[in-house]
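# What the coordinates show
Residues per chain are reported as follows:
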Amino acid sequence: FGDGEVLGRDVRLSDLSSPEDLEHVKSGGIQVLPTRDIAGRSVLVWVTGNFKGKKYNARSAQRTFYYVVDSASREEETQKKGFVTVFWYIGPRGMPPSMRLFQKIHSIRLAMPHRMCGLHFCFDDKSLRPLMSG
């Protein structure tokens, strides 16, 4: 983010300055639901269909993921109980992003101080069954 000026403070929405970053945020493709699950955990949802058929920009996806998770992690309740992530691959545009993007997001996730308590994959593409059930 920027030229290092973010190192001493929290990331802000204004730090997502490129058009791709802003488009990624506005798409709603990565968001935290306004309500928690039954165990009181924050729910992070990744909705691939919201990118309207455009190719994923890995850098923007990484920056948006970091911003959304970092912002939500500031809540004390989220720090205590953690996150549940839902990957929503339903519908005609519900294809999962590339494995390379998953690896980049995963490397950021490992570096962040938050608790990921669960992952849920929702999909209706039968070709994904071997990958998800294996």
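Residues numbered from 1 in each chain as written. Predicted model: local features only at pLDDT ≥ 70, side-chain atom pairs only at ≥ 80, totals over all residues. Heavy atoms only, no water.

### Things to note about the overall build of the protein chain
From N to C terminus, the protein chain includes five helices and four strands. Listed N to C, the secondary structure of the protein chain is α-β-β-α-α-β-α-β-α in terms of helices and strands. Evaluated residue by residue, the protein chain yields a buried proportion of 37% over its 134 residues. Taking the contacts inside the protein chain whose residues are at least 6 apart along the sequence as the reference set, 73% of them involve residues at least 24 apart. When the accessible surface of the protein chain is totalled, it reaches about 8200 Å², and 55% of it is carbon and sulfur. (Helix = DSSP H or I, 4+ residues; strand = E, 2+ residues; numbered from the N terminus. Buried < 20%, exposed > 50% of the residue type's maximum accessible area, 1.4 Å probe, protein only. Contact = heavy atoms within 4.5 Å. Areas by Shrake-Rupley, 256 points an atom, 1.4 Å probe, with all protein chains shown as cover.)

### Regarding the packing of helix α1 (residues 19-27) against helix α2 (residues 58-72)
Closest axis-to-axis distance for the α1/α2 pair is 9 Å, and the angle between their directions is 55°. The orientation of α1 with respect to α2, classified from their angle, is oblique. The interaxial crossing formed by α1 with α2 has right-handed handedness. Residues E20, D21, H24 and V25 of α1 form the contact with α2, whose participating residues are R59, S60, A61, R63 and T64. Split into classes, the residues belonging to the contact of α1 with α2 amount to two nonpolar, three polar and four charged. (Axes fitted to C-alpha atoms, helices over the stretch in contact; angles between N-to-C directions. Parallel < 35°, antiparallel > 145°, perpendicular 65-115°, else oblique. Left-handed = near helix turned anticlockwise from the far one by under 90°. Nonpolar A, V, L, I, M, F, W, Y, C, P; charged D, E, K, R; others polar.)

### A look at the sheet that holds strand β2 (residues 42-47)
Taking strand neighbours across the sheet as the criterion, the four strands line up as β1-β2-β3-β4 in an open arrangement whose pairing is mixed. Both edges of this open sheet fall to β1 (30-32) and β4 (116-123), since each of them pairs with a single strand only. Direction aside, the axes of adjacent strands within the sheet are offset by 20° on average. As paired strands, strand β3 (residues 83-89) and β4 are joined by seven bridges and run parallel to one another. Looking at the pairing, V84 lines up with G118 of β4. Together, β1, β2 and β3 form the strand contacts of α2, whose direction differs from that of β1 by roughly 5°. (Pairing = 2+ DSSP bridges.)

### Some words on α2
Given 3.6 residues per helical turn, the α-helix brings residues three or four places apart onto the same face. For α2, built from 15 residues, the straight-helix expectation of 21 Å at 1.5 Å per residue is met to within 8% by its first-to-last C-alpha distance of 21 Å. Burial runs high along α2: eleven of the 15 residues are buried. For α2, every residue scored as buried is listed here: S60, A61, Q62, R63, T64, F65, Y67, V68, V69, D70 and A72. (Expected span 1.5 Å × (residues − 1).)

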